[in-house]
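Fold and geometry: a report
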Amino acid sequence: MNSGQRAKEHLFLGLDSSTQSLKACVIDARLNVVHEAAVNFDADLPEFGTEGGVHRHPDGLTVTSPPLMWVAALDLLLERLRQAGCPAGRIAAVSGSGQQHGSVWLKAEARAALRGLDPARPLRAQLEGVFSVPESPVWMDSSTGPQCAERERALGGAQALAELTGSRAYERFTGNQIAKIYQTAPERYAATDRIALVSSFMASLWVGDYAPIDAADGSGMNLMNLRAKDWAPAALECTAPELRRRLGPIMPSHAVVGKVHRYYVERWGFAGHGLVIAFSGDNPCSLAGLRLLRPGETAISLGTSDTIFASLAEPRPSATEGHVFANPVDPEGYMALLCHKNGSLTREHVRNECAGGSWDTFNALLARTPPGNEGRIGFYLREPEITPPILRTGTFRFDGQDRPVERFPPEADVRAVVEGQFLSMRLHSGRIGLRPARILATGGASTNRAIVKVMADVFGAPVDAGEQPNSAAVGAAYRALHGWRCAEQGAFVRFEKALTAPARVARAAEPDRAAHWLYSAMLERYAALEKTVSGG
Ligand code: ADP
Ligand code: XUL
């Protein structure tokens, strides 16, 4: 067999460690998805007691997840992949996607435990004692307001911090979380040898050692110099002592970070030469999965969070909203992103209240109301919001004359939650210059055509969707293939050259001109009402 034929035999594994689940997507070199598996944290690992994959604390602001749950999920996922008939021995490279910003805190013992992973015992039993902070802060956390204010002050203000790192201080960003843990639990900080992101932690499990943070996910920390793609000394200094040592290096997202540890070879049948490519954040991986390569190409992800992101040539970070991250497939490029915390879980809440827990009923109710909801506007804040920043929770409803009202009929609530989410996204993404001519939709809720139709009408743009709603896992698999090709060539290969098969997307919704006109007219009212709700 020549090397071209051998390459055809190769498979590539992408993992997606998201808020609610751990998923696997295996592709062949022609980019066909050949195997998939998933573990749902709440349903499959109930002993960790999570709801939507997280623990919400009584203060209403702190949100954490047990990192041991992610460890336990990996063995379970590999068992399911095996049951699905996946030939692990053909997997040439593994990469992964992780929910962004969350941190995993490891004691010095962790390194020896990772290096010495014993194929005869499950991961969970071997890694139980390695966490210096047993509950990892995750992206849904909004408890670090004081640290955000302090660090912005120390670094010359919001605009200066945005220029340096790509974002002003955000509560969920890892640097602010680290400052909080250092201040409130100094003994835990002192006992920490390595602080990993969710992505680099999951990569550590694969290489059996500390794995570096990649530049794209590193951009979500308020600690990295966005242009230099290295730690910003001033940002480290105002956070906690001896932080650089605890964070380790930053690597390009296509870098090989090691070989698959013998744990996976002997226990799960992987090939000993299998490469591990740096893991990255879920939104950067989705950008790769959707192949948003040309500047301006835009996607909307409706996962646990709702995000809108686009490929970007030049960073122009804002002191008010939005983030600029390093691009995960182009070391010279960037991406813009905006994140809304009230995404799928908030839609699910309205579905449960108004539609008896059924998406079909939800869609039927949506169909009973006209675009524009007869002037009604609602704000559904199940969680403190990120974009725009609103710490209070609750539902705020307004009639067509902007008067607050207690209730809407169920069908009006259903329409108001969906319209409100997209109006907010259009308003805020427009402020950072995103005006998509076409949108790629992804994430769990992107399979819902009724929701995607409202997206098309609000933005006045056609919406396409890929074959797989899970672009983060697909993107991780593409990045595994990309990193593997770069390693094989001994030089950087452009992403689009590494991915030879064409992208498979199909039209999911066309915008309706009259509805779009109506939404455009509503936008000003929406912005004014949002100000009153946020107290701004
Ligand atoms: P994450 O990757 O953040 O864990 P996913 O992208 O897997 O999230 O999306 C999960 C969400 O998708 C669920 O919380 C659920 O509300 C939503 N979802 C799944 N199917 C539908 C549907 N038919 N309509 C609307 N939302 C849906
Ligand atoms: C992005 C963000 C979320 C998480 C979880 O900044 O906080 O989208 O990555 O998906």
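Report on the accompanying structure. Bear in mind that the values here come from a model prediction, so they are computed numbers and not experimental data.

**A few points about the site of ligand 2**
- Close contacts around ligand 2 come from Gln-100, His-101, Trp-139, Arg-172, Asp-282, Asn-283, Ser-305, Thr-307, Leu-337 and Cys-339, and that covers them all.
- Asn-283 places a polar side-chain atom, nitrogen or oxygen, 3.0 Å from an oxygen atom of ligand 2.
- When the free accessible area of ligand 2 is taken as 290 Å², the share hidden by the protein chains comes to 97%.
- When atoms are counted within 2 Å of each cavity's grid points, the one that captures over half of ligand 2 is the largest pocket.
- For the shell around ligand 2, the elements supplying multiple residues, two or more each, are helix H15 (282-289) and strand S20 (334-340).

**Overview of the sheet that holds strand S5 (residues 63-65)**
- An order of S4-S5-S8 is seen for the three strands of this open sheet, with the pairing classed as antiparallel. The open sheet has two free edges, formed respectively by strand S4 (55-56) and strand S8 (136-137), since each of these has just one partner strand.
- When S4 meets S5, the two strands line up antiparallel, connected through two bridges. By the bridge assignment, Arg-56 is partnered in S5 with Val-63.

**Remarks on the side chain of Ser-18**
- Along the chain, the position of Ser-18 falls in the loop between strand S1 (11-17) and strand S2 (21-28).
- For Ser-18, a relative accessible area of 12% gives the class buried.
- Sequence-distant contacts of Ser-18, defined by excluding residues within four places in its chain, comprise Lys-23, Phe-41 and Gln-99.

**Some details on the pattern of salt bridges**
- Tallied over the entire structure, the rule returns 22 salt bridges.
- Here Asp-413 makes a salt bridge to Arg-397, at a shortest N to O gap of 3.0 Å. Of this pair, Asp-413 sits in helix H18 (residues 410-431) while Arg-397 sits in strand S22 (residues 394-398), placing them 16 residues apart in sequence.
- Residue Arg-397 is classed as buried on the basis of its relative accessible area, which comes to 13%.
- Arg-507 serves as the salt-bridge partner of Asp-464, at 2.5 Å between the closest nitrogen and oxygen. Here Arg-507 lies in strand S26 (residues 505-509) and Asp-464 lies in strand S25 (residues 463-466), a separation of 43 residues in the sequence.
- Judged by relative accessible area, which is 5%, Asp-464 ranks as buried.
- Since its relative accessible area comes to 42%, Arg-507 is described here as partly exposed.
- Linked by salt bridges that have partners in common, Arg-438, Asp-464, Arg-507 and Glu-510 make up one network.

**Observations regarding the site of ligand 1**
- Near ligand 1, the surroundings consist of 14 residues, among which Ser-18, Lys-23, Thr-304, Glu-348 and Gly-444 are the closest.
- Between an oxygen atom of ligand 1 and a side-chain N or O atom of Ser-18, the distance comes to 2.7 Å.
- Side-chain polar atom of Glu-348 to an oxygen atom of ligand 1: 2.4 Å apart, as the coordinates give it.
- Across the complex, the protein chains shield 80% of the 580 Å² of accessible surface that ligand 1 would expose by itself.
- With respect to the detected pockets, ligand 1 is housed in the largest pocket.
- Residues belonging to the shell around ligand 1 are distributed by class as follows: three nonpolar, nine polar and two charged.

Calculation notes
Residues numbered from 1 in each chain as written. Chains lettered and ligands numbered in written order. Predicted model: local features only at pLDDT ≥ 70, side-chain atom pairs only at ≥ 80, totals over all residues. Heavy atoms only, no water. Near = heavy atom within 4 Å. Polar contact = N/O pair within 3.5 Å; in protein donor to acceptor, adjacent residues only side chain to side chain. Areas by Shrake-Rupley, 256 points an atom, 1.4 Å probe, with all protein chains shown as cover. 1 Å grid on protein atoms, 1.4 Å probe; cavity = no way out; pocket = protein on both sides within 12 Å on 5 of 7 lines; lining within 4 Å. Sits in = over half its atoms within 2 Å of the grid points. Helix = DSSP H or I, 4+ residues; strand = E, 2+ residues; numbered from the N terminus. Pairing = 2+ DSSP bridges. Buried < 20%, exposed > 50% of the residue type's maximum accessible area, 1.4 Å probe, protein only. Contact = heavy atoms within 4.5 Å. Salt bridge = Lys/Arg side-chain N within 4 Å of Asp/Glu carboxyl O. Nonpolar A, V, L, I, M, F, W, Y, C, P; charged D, E, K, R; others polar.

Fair warning: the whole summary comes from geometry, so function is off the table for now.
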